[in-house]
Structures are given as structure tokens and as C-alpha cells.
Amino acid sequence: KLFALTKVTALAALLGTSFGALAEPVEIKFSHVVAENTPKGQMALKFKSLVEERLPGEYKVSVFPNSQLFGDNNELAALLLNDVQLVAPSLSKFERYTKKLQIFDLPFLFDDMAAVDRFQQSEAGQKLLNSMNRKGIVGLGYLHNGMKQFSANNPLHLPKDAEGEKFRIMASDVIAAQFDAIGAIPVKKPFSEVFTLLQTRAIDGQENTWSNTYSKKFYEVQSHITESNHGVLDYMVVTSDTFWKGLPKDKRDVIKKSLDEAIAFGNEIAAAKDEEDKQAILASGRSTLVTLTPAQRQQWVNAMKPVWAKFEDQIGKDMIEAALAANK
Ligand code: LMR
């Protein structure tokens, strides 16, 4: 028996090395930090199924959700080391590689997701996909999640209600300035730690989309959610220049087409989930919705909008104008 097994192993090894067709498929690792029942989680799985259906036996996609493989603090470094081939961090998480994407964090810049989409698809928005090329990072497309809402353990009607409170933020200086502007205390922490920080009351609040607040159960440890729609949380799907250019052109075309289709699918889910997950949170009765009157919302705008001027030089005035033009 042992002999037979050895023979089979030897034969397999021989075939594996001498016949290309029997070689192992090339693995594309896609790592992300959110749950699977989110726009990004679903997009990644769709991408996997499209690539494996179109390049059977040649390429396989392994998806690692929930910061299982890499988290906020190391996923871009891992990409550059080719330890992972695709990641899709939120647009707030590229600051170490480019300041240009800071535009997406400016509070109250975009009226709604349709405006965000128009800007991303515009010439100016598409140019930003190349803003990290010199660092070896290639932007392949934008993916939506949705607008951000504030959550806390007290009702935030006015900016002064957040004074002195600690808010977890993504690693973005613009978002830090946004909370500084209202006298709150921003704390940069990776996504994987948010639930525990809220649960143990190490922090008082956070800002996120309905789908992240729902899928990671933040609403179970926050008494109130203020529907502020004050900023956008979207993603850039990125790969490394080394990996991307190393792919044979015909395969790269199939992979890019599959990604574009997966992104379109993810964007549809994003729009649906935004509403669905909001309703699920409200139905749970765990967290109370705070709706702002127009006058209350205006106070948040007045308090936070001065942040724009601080970052105008880094982002570019023309970029800000292009983004504003998308609010029609
Ligand atoms: C966050 O850190 O709150 C989000 O960027 C997580 C994500 O990827 O949606």
C-alpha cells in the first residue's frame, strides 16, 4: 500500500512539473476587513466565481474576509510584498500613499451617493485611480458602500452633544480634523477592534455606514445613531503594479472584466443593503434613530466645513470644484 502511494505521489510530481496543463492554478488572494454580507464581501465572492468560471483550472481566487489574513494596519504593505494580490480599503485608508484621495473624506462635500458616483466616473475621479502608481499601487476601480452616520451612547442632535467624547475613526487626518472641529476626540483604530472598543466603553462612538454598523453589530453596543449622511465610505479596489503587469495580457483582460462586473454587482448590493440594514437595525430596537432637522444639520455643516480649507492645498482646489460639480 505504501509502495502504491509513493508511486502515485511520484507520478503526480512528475506530471505536475512536466505538463503545464496540470500545473496548480495561479492563486489570487483577495483580503478584506468586513463581513461577507456586505457590499465588499459580496463583490469579492462574485469576483471569485466569475474568474474561476472563465479561467477554470488556470486561476483561483481565495477570499479572506473579516481581517482574517490582513487588517487595516498591514493590508497595503502586504499588497506591495505580493503576499496578497487584491485589497479594497476604504478611500480613507490610503493617506500614507497619496494625499489626493483625502477629497473623499471632506465632510458634507457630496450630497448623496449619486453625486459620489458621478464624481468617481468623471475624468477627475478616474485620474485618482492612478494617484498611487509611483508607489507601485494600481487602482482598478471604485466600489460603493454608502454614506456615514454617527453613532454614540447619547443622542447627537447638535455638534456640542459630541464634545469631549471619544470617536473611533479610520486612519485619516481629514476625519481627525472633522472631529477636532466639534471638540470631540478622534481615536484612529483598525476596523477589527471597533466592536470591542465600543463594548468596553473605551470609546464613546464611531461613524460608519448602515451596512458596517449592522454586520459588525455596532448597533448592539451604541444607544443612538444620528442619520447625518455627513460623508462617504467607499473603496478603491487596488492591486500591485508587479502582480498586475506580470499577468499575461489576455488573462489580465479577463480578470479586469470580471472585476468590473463584480463591482457593478457590489454597487447594486450597496444601494439595497444601505436601506435594508438600516431597517434591520431600527427593527432590532437596540439603537434609537436620531433624525436631524434642517436647522440642526446646518449646525453640523457649519462646524465641520472649515476642515476643507485646511486640506485644500494637498487635495487641490480644482479637484474640490470637480467634486462639487457632481452635486447637481
Ligand atoms: C472602517 O474601517 O470603518 C471601514 O473602512 C471598514 C470597511 O472596509 O468598510
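Residues numbered from 1 in each chain as written. Predicted model: local features only at pLDDT ≥ 70, side-chain atom pairs only at ≥ 80, totals over all residues. Heavy atoms only, no water.

1. Brief notes about the overall build of the protein
Okay, step 1: A count of helices and strands for the protein gives 13 helices and eleven strands.
Okay, step 2: Since a compact globule built from 328 residues should have a radius of gyration of about 20 Å, the 22 Å found for the protein is in line with a globular shape.
Okay, step 3: Considering only C-alpha atoms, the protein reaches an extent of 80 × 45 × 30 Å along its principal axes.
Okay, step 4: Per-residue burial for the protein yields a buried fraction of 52% across its 328 residues.
Okay, step 5: Looking at the protein alone, contacts between residues at least 24 apart form 75% of all its contacts between residues at least 6 apart.
Okay, step 6: Roughly 14800 Å² of accessible area belongs to the protein as shown, and the carbon and sulfur atoms make up 54% of that amount.
Okay, step 7: Averaging the locations of the 39 positively and 40 negatively charged side chains of the protein gives two centres separated by 4 Å. (Helix = DSSP H or I, 4+ residues; strand = E, 2+ residues; numbered from the N terminus. Rg over C-alpha atoms; globule rule 2.2 N^0.38 Å. Buried < 20%, exposed > 50% of the residue type's maximum accessible area, 1.4 Å probe, protein only. Contact = heavy atoms within 4.5 Å. Areas by Shrake-Rupley, 256 points an atom, 1.4 Å probe, with all protein chains shown as cover. Lys, Arg positive; Asp, Glu negative; His and termini not counted. Charge placed at Lys NZ, Arg CZ, Asp CG, Glu CD.)

2. Re the sheet that holds strand E7 (residues 185-188)
Okay, step 1: Reading across the sheet, the six strands line up as E7-E6-E8-E5-E9-E11 and stay open at both edges, with mixed pairing between neighbours. This sheet does not close on itself; its edge strands, each paired only once, are E7 and strand E11 (288-291). For this sheet, the mean inter-axis angle between neighbouring strands, taken without regard to orientation, is 30°.
Okay, step 2: Pairing analysis gives four bridges linking strand E9 (residues 224-227) to E11, with the strands arranged parallel. Within E11, the position partnered with Thr-226 by the bridge is Val-290. (Pairing = 2+ DSSP bridges. Axes fitted to C-alpha atoms, helices over the stretch in contact; angles between N-to-C directions.)

3. Remarks on unusual backbone geometry
Okay, step 1: If you check the backbone angles, Arg-201 has positive phi at about 65° while not being a glycine.
Okay, step 2: Within the secondary structure, Arg-201 sits in the loop between helix H7 (194-199) and strand E8 (205-208).
Okay, step 3: The class for Arg-201 is exposed, based on a relative accessible area of 57%.

4. A word on the site of the ligand
Okay, step 1: Within the structure, the ligand sits among 13 residues, and Lys-40, Lys-93, Arg-168, Asn-212 and Tyr-235 are positioned closest to it.
Okay, step 2: Side-chain polar atom of Lys-40 to an oxygen atom of the ligand: 2.7 Å apart, as the coordinates give it.
Okay, step 3: Of the residues in the shell around the ligand, the class split is six nonpolar, three polar and four charged. (Near = heavy atom within 4 Å. Polar contact = N/O pair within 3.5 Å; in protein donor to acceptor, adjacent residues only side chain to side chain. Nonpolar A, V, L, I, M, F, W, Y, C, P; charged D, E, K, R; others polar.)

5. Some thoughts on the packing of helix H2 (residues 39-54) against helix H10 (residues 249-284)
The description of two helices packed together rests on the angle between their axes and the distance between the axes.
Okay, step 1: Running from N to C, H2 and H10 point in directions that differ by 150°, and their axes come no closer than 8 Å. By the angle class used here, H2 and H10 are roughly antiparallel. Seen from above, H2 lies across H10 with right-handed handedness.
Okay, step 2: For the contact of H2 with H10, a count of residues per class yields 13 nonpolar, three polar and five charged. (Parallel < 35°, antiparallel > 145°, perpendicular 65-115°, else oblique. Left-handed = near helix turned anticlockwise from the far one by under 90°.)

6. Thoughts on the confidence of the model for the protein
Okay, step 1: Per-residue confidence for the protein gives a mean pLDDT of 95, with 93% of residues at or over 70.
Okay, step 2: With a pTM of 0.93, the predicted complex shows an ipTM of 0.98. (pLDDT = per-residue confidence, 0-100.)

7. Focus: helix H6 (residues 173-180)
Okay, step 1: Extensive coverage of H6 is indicated by the burial of six of its eight residues.
Okay, step 2: In the core, the buried residues of H6 are packed alongside strand E5 (149-152), strand E6 (166-169), E7, E8, helix H11 (294-304) and helix H12 (307-315).
Okay, step 3: For H6, the side-chain oxygen to backbone nitrogen distance between the N-cap and Val-174 is 3.3 Å, and the N-cap itself is Ser-172.

8. Some points on the environment of Val-290
Okay, step 1: As for its position among the elements, Val-290 is in strand E11.
Okay, step 2: By relative accessible area, Val-290 is classed as buried at 3%.
Okay, step 3: In sequence terms Val-290 and Ala-271 are 19 residues apart; their C-alpha atoms lie 21 Å from each other.
Okay, step 4: Sequence-distant contacts of Val-290, that is, excluding residues within four places in its chain, are made with Pro-155, Leu-156, His-157, His-224, Ile-225, Thr-226 and Glu-227.

9. Thoughts on the packing of H12 against helix H13 (residues 317-325)
Okay, step 1: H13 packs onto H12 with a crossing angle of 110° between their chain directions and a minimal axis gap of 7 Å. It follows from the interaxial angle that H12 and H13 lie roughly perpendicular. Seen from H12, the contacting residues are Trp-308, Glu-312 and Ile-315; seen from H13, they are Lys-317, Met-319, Ile-320 and Leu-324.
Okay, step 2: Looking at the contact of H12 with H13 residue by residue, the class counts come to five nonpolar, no polar and two charged.

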